[in-house]
Amino acid sequence: MSYLEYNVKSTPTGLRKILYMNWPLTLLLASVAGVGFLMLYSVAGGSYSPWAEPQMKRFALGLAVMTAVALVPIWFWRNMAVVAYCISILLLLAVELFGTVGMGAQRWIDLGFMRLQPSELMKITMVMLLAAYYDWLPGQKTSRPIWVLIPVMMILLPTFMVLKQPDLGTAILLLAAGGGLMFLAGVHWAYFAAVIASGVGVIVAVFKSRGTDWQMLKDYQYRRIDTFLDPSTDPLGAGYHITQSKIALGSGGWSGRGFMQGTQSRLNFLPEKHTDFIFTTLAEEFGFIGGFSLLLLYSLILLFCIATALATRDRFSSLVTLGIGINFFLFFAVNMSMVMGLAPVVGVPLPMVSYGGSAMLVLMAAFGIVHSAHIHRPRHRV
Amino acid sequence: MKRNPRDIEATHRKLSRRALLLGGAQAAFVGALAMRMRYMQVDQADQFRLLAEENRINIRLIPPTRGELFDRNGVILGQNVPSYRIIIVREDAGDVDKVISDLSRLIELRPEDVERARAEMRRSPPFLPITLADRITWEEISKVAVNAPALPGITPEVGLTRVYPWQGDFAHVIGYVGPVSDYDLSKMEDPEPVLRIPRFQIGKVGLEAKREDILRGKAGAKRVEVNATGRVMRELDRQEGQPGADLQMSVDAKLQHYVQARLGRESAAVVVMDCETGDLRAIASSPSFDPNLFVRGISVADYRGLTEDPYRPLANKTVQGTYPPGSTFKMITAMAALEEGMIEPEETVYCPGFLKVGSRRFHCWKRGGHGHVNLETSLKRSCDVYYYDLALKVGIDRISAMANRFGLGVRHELPMSAVADGLTPTQDWKQRVYGEGWLIGDTANASIGQGFMLASPLQLAVMSARIATGREVAPRLVKSINGIETPLIRGGSLGLNENNLRKMRKAMYAVSNDRRGTAYRSRIIAEGLRMAGKTGTSQVRNITAAERAAGVISNEDLPWERRDHALYVCFAPFEAPKYAVSVVVEHGGGGSRAAAPVARDVLLQALYDGTPPLEAYPKGDRSRIQAQQERLQREDRPTLDTDGNDRA
């Protein structure tokens with residue numbers, strides 16, 4: 001569909017668009033960010049520096065970026081999808097080539113005021129490209145092998161580049177988000193069944209091969225898996241973080257130990273307490289009530305994404321909104337599973353709460369696209 | 001390109017269906033997360049709360065203050081004094097090398113201390129304080145304190161350490177403390193946790209070790225909150241410990257000091273005992289050493305000096321050293337015979353200079369013999385033959401039994417290291433130990449305190465006190481604990497014939513006061529303070545027949561370690577005995593020459609509770625005594641050199 005098919009006249013124009021933004025969604029995002037500020041203030045021992053204050057500035061910047069993105073018509077973003085994807089790929093390549101100079105693997109590019117992680121950007125631009133692709137592809141071709149292979153390539157290219165960094169967490173997220181989008185686009189379920197079946201087969205093979213001549217992983221890799229499955233086998237080594245994280249979470253109890261009273265985070269037993277493990281501080285200090293409230297906020301944001309997607313008749317808008325929703329869901333679902341000991345420790349931040357610039361900015365920009373889809377939705381049947 | 005509206009409808013329916021399906025899956029996952037959260041935070045909350053508490057709370061010990069030691073008049077003998085040290089915290093110091101070099105410009109740092117501190121720093125976390133210099137002076141600590149702003153990470157600290165102000169005077173009695181060693185820990189069944197504190201001091205020898213149980217006190221504890229790296233964040237609460245008990249000893253510091261000074265570098269032991277209570281007023285072994293050296297950690301050279309000294313400064317000769325009592329044993333032999341009714345005090349024995357037993361001759365020390373002697377004359381002139389004769393009539397077993405009643409061959413429990421039992425041989429004993437039968441000659445030897453007979457100076461003092469009182473006086477070293485008087489064991493009567501005892505005391509009086517007595521030259525002439533005593537000279541070698549024929553070599557011509565031991569036991573005043581004294585001078589020669597003068601000086605010092613007037617001494621001695629008194633006062637608190645080569 002070309003944008004000419006939209007009933008452009010019935011969409012709001014100029015700054016009036018701001019009134020048509022999805023304000024409940026903005027409010028939800030602001031409250032989640034507010035929880036983030038509170039927790040960053042707490043883990044710094046009751047201080048705005050070094051985390052809460054920069055985070056607030058970034059959120060303000062994020063709001064501006066989101067509004068700017070929202071004001072741009074959605075069809076522009078659809079047309080830009082290929083370009084955005086290519087830029088992301090080039091940035092990933094640039095990090096791969098020039099980023100290794102620092103300490104070990106460097107995953108970001110310094111933009112002066114912030115550090116941009118191309119892999120974060122990639123999550124959104126890939127979703128945009130896939131959405132644009134399925135918008136362009138006639139419905140009956142969706143499940144034909146050749147037309148399935150093309151999006152698979154679109155997903156695997158960045159996945160492998162990220163995996164090489166190495167960033168297993170983001171790679172899995174990319175894979176899951178891409179797969180989700182293909183599922184939404186209507187690719188025949190048999191493809192997914194086949195992939196899942198072969199995936200299970202590989203996992204079984206990996207475990208069965210342990211200790212035999214044709215062992216598929218290195219011994220240390222098996223040990224890591226062991227540690228994940230039972231952290232108590234290595235309480236001071238790799239299992240330390242997850243054990244302490246669970247203690248912090250569990251000791252919060254029903255209503256928590258009180259704001260800034262969490263011993264686990266205040267006494268530094270928690271690892272990465274301002275980034276990936278910030279949820280444990282929340283759960284320790286505000287208990288089940290606090291943790292569950294945040295989960296509820298996240299679910300509502302997700303719900304708004306789905307509602308926006310279902311309300312629009314534009315296929316690109318639906319797909320990109322749902323794709324962003326999947327990404328958002330994966331962020332918090334993987335992060336929470338990790339701190340609760342349900343998933344291995346992979347570096348996935350808690351969206352909008354964890355301290356970190358690029359993840360939040362990229363996410364805000366993505367929600368800008370959701371807004372744009374909402375503002376520029378076709379008002380009348382063509 | 002225009003699309004078929006039907007196609008759009010179809011794909012949109014499919015998208016909606018799948019979106020709802022995916023949304024449902026997501027909702028299910030969110031539900032699972034919520035369940036998991038509820039399980040951990042509600043169902044298992046208590047368990048995790050406990051783990052969190054265990055994480056953050058640490059228990060730290062507060063070392064107790066060690067009990068202090070005092071003499072009978074409250075003079076301090078072992079005290080805790082603040083000791084200053086300099087600690088460094090690596091984390092606060094920043095550039096450790098620069099800080100140390102700055103510090104070394106202010107005060108003198110020993111290179112080995114710095115090296116040890118550096119090694120410790122490499123091993124421990126950066127926030128842990130490490131001792132850089134120990135036992136520094138107040139001036140040095142002030143210098144550091146004034147310059148503190150320029151020395152980041154450096155803190156002057158004050159702790160307590162043991163100091164013995166009387167230095168060598170009480171080295172053998174009190175002993176000393178030192179840091180707990182791995183060896184100490186390995187000997188203990190279940191060591192108290194406080195012992196694991198680095199540099200914690202415990203008693204190593206002597207009273208300090210023997211009464212460690214009450215001196216140490218109970219450690220307190222504080223609960224502190226620590227963070228993940230173990231740094232203390234704050235104190236939650238504390239439980240004060242209990243300081244160790246203060247001990248008051250029976251010893252009189254002034255008298256003890258006098259005794260040590262009087263003995264000087266002589267290898268000797270002196271025990272002064274209160275006849276009435278058994279309190280040990282002085283119990284001195286010389287030469288001594290400075291126990292403070294051991295508290296600090298003695299250098300290898302100093303330690304070698306002490307162990308290789310032939311005068312054995314480390315040995316506590318008063319309780320640990322056992323010597324043949326020699327003629328001082330004669331009272332026991334006589335008492336055994338008198339009690340058995342074998343002889344009357346006035347009955348005489350003829351001494352031709354020897355006693356023939358079988359084919360063997362037992363010689364009296366006086367070749368020409370003493371002629372007819374009774375109890376008093378035999379003791380006064382120390383005739384040997386009289387006692388050979390008595391002993392052969394009474395037999396060794398009765399003599400040894402009598403010796404035990406007087407405290408010889410019996411262990412006197414004192415809180416000191418290595419208290420010796422001594423030895424009073426019996427026929428069974430020889431059979432058991434040597435597998436040989438008892439010989440008549442053994443009895444003869446034993447009767448004059450030679451042969452197998454062994455006694456410590458402490459036992460000899462106990463013997464004298466028991467002769468003086470006729471009661472079973474027992475020695476006491478600790479007078480009170482934390483101000484509570486330790487019970488006096490007021491021994492009952494020895495159950496001996498009072499007439500015999502009186503005769504014996506009179507004979508001892510003659511030893512010291514009769515013109516022909518062996519200790520006449522060391523008499524006291526102050527009325528009412530006169531002394532009764534007995535000299536002893538115990539051989540440390542056998543005199544061969546050839547030697548005897550050639551004429552016995554005099555002690556002065558022998559090398560020191562082959563000379564006789566000089567002994568003297570006494571009590572005074574004769575009329576109402578107050579103090580019993582025993583003196584042993586190792587290889588000192590004759591008892592009357594080497595031991596008796598010491599005993600007299602010590603007794604007078606004790607009786608007058610200070611420097612006695614010259615009128616107490618015989619006229620002829622006064623000028624010499626005056627010179628000696630002046631010398632001792634001049635070198636009050638002698639500095640004890642411990643290298644052992646200087647033998648004055």
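Worth saying up front: this structure is predicted, and the values here are computed from it rather than measured.

Q: I tried to follow the overall build of chain B on my own but got confused; where do I start?
A: Along its length, chain B carries 24 helices and 21 strands. Against the compact-globule benchmark of 26 Å for 648 residues, chain B has a radius of gyration of 37 Å, which places it well outside the compact range. With the C-alpha coordinates of chain B rotated into their principal frame, the extents come out at 155 × 55 × 50 Å. In chain B, buried positions account for 54% of the 648 residues. Within chain B, residue pairs in contact and separated by at least 24 positions form 72% of the contacts whose partners lie at least 6 positions apart. On chain B, roughly 29,400 Å² of surface is accessible, and the fraction owed to carbon and sulfur atoms is 51%. Considering chain B, the positive charge centre built from 90 side chains and the negative charge centre built from 81 side chains are found 2 Å apart.

Q: Can you help me understand the pattern of salt bridges in this one?
A: Two side chains carrying opposite charge are able to pair once their charged atoms lie near each other. All names here are of chain B. On inspection of all chains with the given rule, the structure shows 48 salt bridges over all chains. One salt bridge connects Arg105 with Asp102, and the closest N-O pair in it is separated by 3.1 Å. Of this pair, Arg105 and Asp102 both sit in helix 4 (residues 96-106), separated by three residues, roughly a single helical turn. Among the residues examined, Asp102 registers a relative accessible area of 17% and is labelled buried.

Q: What's the story with the interface of chain B and chain A in this structure? I'm lost.
A: By a widespread convention, an interface's size corresponds to the accessible area lost as its parts come together. Contact with chain B, which involves 42 residues of that partner, is made by 60 residues of chain A. Both sides of the chain B and chain A interface together cover about 4,300 Å² of buried area, and 65% of this is carbon and sulfur. Seen at the junction of chain B and chain A, the total is one salt bridge. One salt bridge in this structure joins Glu53 of chain B and Arg257 of chain A, with 3.2 Å as the shortest N-O distance. On inspection of chain B and its partner chain A, the count reaches nine residue pairs in polar contact (both at pLDDT 80 or more). When contributions to the side of chain B that touches chain A are tallied by element, the ones reaching two or more residues are helix 1 (5-43), helix 2 (45-56), strand 8 (220-226) and strand 9 (232-239) of chain B. When the residues that make up the side of chain B that touches chain A are grouped by side-chain class, the tally is 21 nonpolar, eight polar and 13 charged.

Q: Just checking my understanding: could you explain unusual backbone geometry for this structure?
A: All names here are of chain B. Of the consecutive residues Ser286 and Pro287, the connecting peptide bond is found in the cis state with omega at -5°. Look at the link from Ala572 to Pro573: it is a cis peptide, with omega at -10°. Along the polypeptide, Pro573 turns up in the loop between strand 20 (565-572) and strand 21 (579-585). Here the phi dihedral of Ala418 falls at roughly 55°; this positive angle occurs in a residue that is not glycine.

Calculation rules
Residues numbered from 1 in each chain as written. Chains lettered and ligands numbered in written order. Predicted model: local features only at pLDDT ≥ 70, side-chain atom pairs only at ≥ 80, totals over all residues. Heavy atoms only, no water. Helix = DSSP H or I, 4+ residues; strand = E, 2+ residues; numbered from the N terminus. Rg over C-alpha atoms; globule rule 2.2 N^0.38 Å. Buried < 20%, exposed > 50% of the residue type's maximum accessible area, 1.4 Å probe, protein only. Contact = heavy atoms within 4.5 Å. Areas by Shrake-Rupley, 256 points an atom, 1.4 Å probe, with all protein chains shown as cover. Lys, Arg positive; Asp, Glu negative; His and termini not counted. Charge placed at Lys NZ, Arg CZ, Asp CG, Glu CD. Salt bridge = Lys/Arg side-chain N within 4 Å of Asp/Glu carboxyl O. Buried area = accessible area lost by both parts, 1.4 Å probe. Polar contact = N/O pair within 3.5 Å; in protein donor to acceptor, adjacent residues only side chain to side chain. Nonpolar A, V, L, I, M, F, W, Y, C, P; charged D, E, K, R; others polar.

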